[in-house]
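For reference, the chains in residue letters:
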Amino acid sequence: MRTRPLKVALLGCGVVGSEVARIMTTHADDLAARIGAPVELAGVAVRRPDKVREGIPAELITTDATALVKRGDIDVVVEVIGGVEPARTLITTAFAHSASVVSANKALLAQDGASLYAAAQEHGQDLYYEAAVAGAIPLIRPLRESLAGDKINRVMGIVNGTTNFILDKMDTSGAGYSEALDEATALGYAEADPTADVEGFDAAAKAAILAGIAFHTRVRLDDVYREGMTEVTAADFASAKQMGCTIKLLAICERAADGESVTARVHPAMIPLSHPLASVREAYNAVFVEADAAGQLMFYGPGAGGSPTASAVLGDIVAVCRNRLNEATGPGESAYTQLPVSSMGEVVTRYHISLDVADKPGVLAQVATVFAEHGVSIDTVRQKGKDGEASLVVVTHRAPDAALSGTVEALRKLDTVRGVASIMRVEGE
Ligand SMILES: NC(=O)c1ccc[n+]([C@@H]2O[C@H](COP(=O)([O-])OP(=O)(O)OC[C@H]3O[C@@H](n4cnc5c(N)ncnc54)[C@H](OP(=O)(O)O)[C@@H]3O)[C@@H](O)[C@H]2O)c1
């Protein structure tokens, strides 16, 4: 084994970084044996130098992250600061100073992955980011490497633990959204400001990364259609149950039927209880992949948390260190298909629509006509009337999202339709 250690600079020592440092120390001998050389923590950049950081020698702590990545003797820079800047500049500076990078930063990768890959390639360095999507779950490497010989058609996943915890609570206890969010906050599953999670921004960043890798094309955060889950109600869950479904916030990346384009979207959807994703409970994540030759695969596990996320970071550190010893680099960006990303209007799926209508003869026929006029075919209709008012639940066959939007707009204009109580897509059938 080589005795000269490979040097790792840690940028950030918070929830994830502190666990990366701990595992590097406690597993040092095993890591050295697996890599073929010892790995050494050479510096740790933080914002607050005086904070007590157990197990980290004080002389390694610095507030000058730029000087650390410019040292020139660093082999691997681990970026676990988060956010776009200064992370982006630190990563590109690291490449320019002969270091490879391991990052957990989904926000940055979804926004600017292409330019980071380009900088890595320009300087002959590695960019690994297994921890950026679904925490501990091996997903990026299976998609980038294990399935590199197959053709992936669909990636559908629960990639945000906070929202899955909230929806699972609503499902099992009958709680409303606010009550379930309060519980998630009290238990530490939701942050004080939960916007990034509940409005689907976090899941959209992950969808962009997954779609790009799965379909070998560039998908940016702005290409991902996004709807949060704050409007999901206890009544939606009751409707879902009547259909043998539950509700999940899903990230869905699909290749179009003609293979000429792709779509990426995040929104709440009903899925049948028989679908493997329906049984993903609490704050767990899972990603369901459909490929030509492999068929259906599911990846499941903890999608966040210091120690699970650090596991993925450590796997990347080992991979990058092995590459360096072999004077090689791992896979770079693969965007050769250049498939365009279609808008949400072109997505084809099924819908569950709940309408409040007047309870009088002819209403059902009127509503059915609007669906037919927009080319949306109805699968089932359920009507319940009381005191002159009625609720009408329509489940459609597969139709383009744009046709459904047109249908709903026209329904709202009918005198007999008092309101559209909810529209939910139905997936996984
Ligand atoms: N937490 C998770 O479960 C999880 C899961 C998957 C991916 N990730 C990703 O991992 C990354 C880190 O998340 P985290 O939860 O560990 O964040 P965190 O607990 O807030 O830690 C951030 C760390 O970065 C340091 N920092 C902030 N600005 C800095 C700067 N300008 N220069 C140097 N250091 C700076 C902070 O220093 P101080 O300690 O001095 O404040 C802190 O140590 C993010 O990209 C996140 O999306 C997190």
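Keep in mind that what you see is a predicted model, and the values were worked out from it rather than measured. (Residues numbered from 1 in each chain as written. Predicted model: local features only at pLDDT ≥ 70, side-chain atom pairs only at ≥ 80, totals over all residues. Heavy atoms only, no water.)

Digging into the overall build of the chain
Okay, step 1: Per the secondary structure count, the chain includes 14 helices and 17 strands.
Okay, step 2: Its C-alpha atoms give the chain a radius of gyration of 24 Å, near enough to 22 Å, the size a compact globule of 429 residues would have.
Okay, step 3: For the C-alpha atoms alone, the extent of the chain along its principal axes is close to 85 × 45 × 35 Å.
Okay, step 4: Here the chain, with 429 residues, has 52% of them falling under the buried criterion.
Okay, step 5: Counting only carbon and sulfur atoms, one obtains 49% of the accessible surface of the chain, whose full area is about 18,500 Å².
Okay, step 6: Measuring between centres, the 39 positive side-chain charges of the chain sit 2 Å from its 54 negative side-chain charges. (Helix = DSSP H or I, 4+ residues; strand = E, 2+ residues; numbered from the N terminus. Rg over C-alpha atoms; globule rule 2.2 N^0.38 Å. Buried < 20%, exposed > 50% of the residue type's maximum accessible area, 1.4 Å probe, protein only. Areas by Shrake-Rupley, 256 points an atom, 1.4 Å probe, with all protein chains shown as cover. Lys, Arg positive; Asp, Glu negative; His and termini not counted. Charge placed at Lys NZ, Arg CZ, Asp CG, Glu CD.)

Thoughts on the sheet that holds strand β5 (residues 100-103)
In a beta sheet, neighbouring strands pair by backbone hydrogen bonds and run either parallel or antiparallel.
Okay, step 1: Taken in spatial order, the 6 strands of this open sheet run β3-β2-β1-β4-β5-β6, and their pairing is parallel. Edge positions in the open sheet fall to β3 (61-62) and β6 (127-128), since each of these has one partner strand only.
Okay, step 2: Pairing analysis gives 4 bridges linking strand β1 (residues 6-11) to strand β4 (residues 76-79), with the strands arranged parallel. If you follow alanine 9 over to β4, its bridge partner there is valine 77.
Okay, step 3: Lying on the sheet, helix α4 (residues 87-96) is in contact with β1, β4, β5 and β6; it crosses β5 at an angle near 150 degrees. (Pairing = 2+ DSSP bridges. Contact = heavy atoms within 4.5 Å. Axes fitted to C-alpha atoms, helices over the stretch in contact; angles between N-to-C directions.)

Remarks on the side chain of aspartate 126
Okay, step 1: By secondary structure assignment, the location of aspartate 126 is in the loop between α5 (106-122) and β6.
Okay, step 2: There is no salt bridge for the buried aspartate 126, and the closest opposite charge comes from arginine 324, which lies 6.6 Å off by N-O distance.
Okay, step 3: Within the structure, aspartate 126 has its side chain in polar contact with the backbone nitrogen of glycine 330 (distance 2.6 Å).
Okay, step 4: Apart from residues no more than four positions distant in its own chain, aspartate 126 is found in contact with Phe95, Ser100, Val101, Val320, Asn323, Ala328, Thr329 and Gly330. (Salt bridge = Lys/Arg side-chain N within 4 Å of Asp/Glu carboxyl O. Polar contact = N/O pair within 3.5 Å; in protein donor to acceptor, adjacent residues only side chain to side chain.)

Thoughts on the environment of leucine 139
Okay, step 1: Here leucine 139 lies in the loop between β6 and α6 (140-146).
Okay, step 2: Distance in space between the C-alpha atoms of leucine 139 and valine 287 is 8.2 Å, their sequence separation being 148 residues.

Focus on the site of the ligand
Okay, step 1: Every one of the 21 residues lining the ligand counts as a neighbour, but Cys13, Val15, Val16, Arg48 and Gly305 are closest to it.
Okay, step 2: Between the ligand and the protein, one listed contact pairs an oxygen atom with a backbone N or O atom of valine 15 at 2.9 Å.
Okay, step 3: In the model, an oxygen atom of the ligand is placed 2.9 Å from a nitrogen or oxygen of the valine 16 main chain.
Okay, step 4: Coverage of the ligand by the protein chains reaches 79% of its 910 Å² of free accessible surface.
Okay, step 5: Tallied by class, residues from the shell around the ligand come to 11 nonpolar, 6 polar and 4 charged. (Near = heavy atom within 4 Å. Nonpolar A, V, L, I, M, F, W, Y, C, P; charged D, E, K, R; others polar.)

Remarks on the nonpolar core
Okay, step 1: Val77, Leu127, Tyr129, Ile152, Ile166, Ile209 and Leu210 are the most contacted members of the largest nonpolar core, which totals 79 residues.
Okay, step 2: Per element, the largest residue contribution to this core is 11 residues, and it comes from helix α10 (residues 201-215).
Okay, step 3: When neighbours within four sequence positions are excluded, leucine 210 is seen to be in contact with Val133, Leu139, Ile140, Leu143, Val155, Val159 and Cys253.
Okay, step 4: Counting 35 residues, the second largest nonpolar core, distinct from the first, contains Leu10, Ile23, Ala104 and Val313. (Core = buried A, V, L, I, M, F, W, Y, C linked by side-chain atoms within 4.5 Å.)

Here's the deal with empty space enclosed by the protein
Okay, step 1: Under the defined criterion, the tally for this structure stands at 2 cavities of 30 Å³ or more.
Okay, step 2: Each pocket or cavity is described by its volume, and for the largest cavity that value is around 50 Å³.
Okay, step 3: As for the largest cavity, its lining consists of Tyr128, Tyr129, Glu130, Ile140, Arg141, Arg144, Glu145 and Asp316.
Okay, step 4: Of all the elements, α6 adds the most residues to the lining of the largest cavity, at 4 residues. (1 Å grid on protein atoms, 1.4 Å probe; cavity = no way out; pocket = protein on both sides within 12 Å on 5 of 7 lines; lining within 4 Å. Points joined across faces, edges and corners; volume = space filled by probe spheres on them.)

Let's talk about α10
Okay, step 1: Given a rise of 1.5 Å per residue, 15 residues ought to cover 21 Å, and the 21 Å separating the end C-alpha atoms of α10 matches this to within 8%.
Okay, step 2: Of all 15 residues in α10, 14 are buried; the element is thus mostly enclosed.
Okay, step 3: Once α10 finishes, histidine 216 follows within two positions and takes phi at roughly 55 degrees, a positive value. (Expected span 1.5 Å × (residues − 1).)

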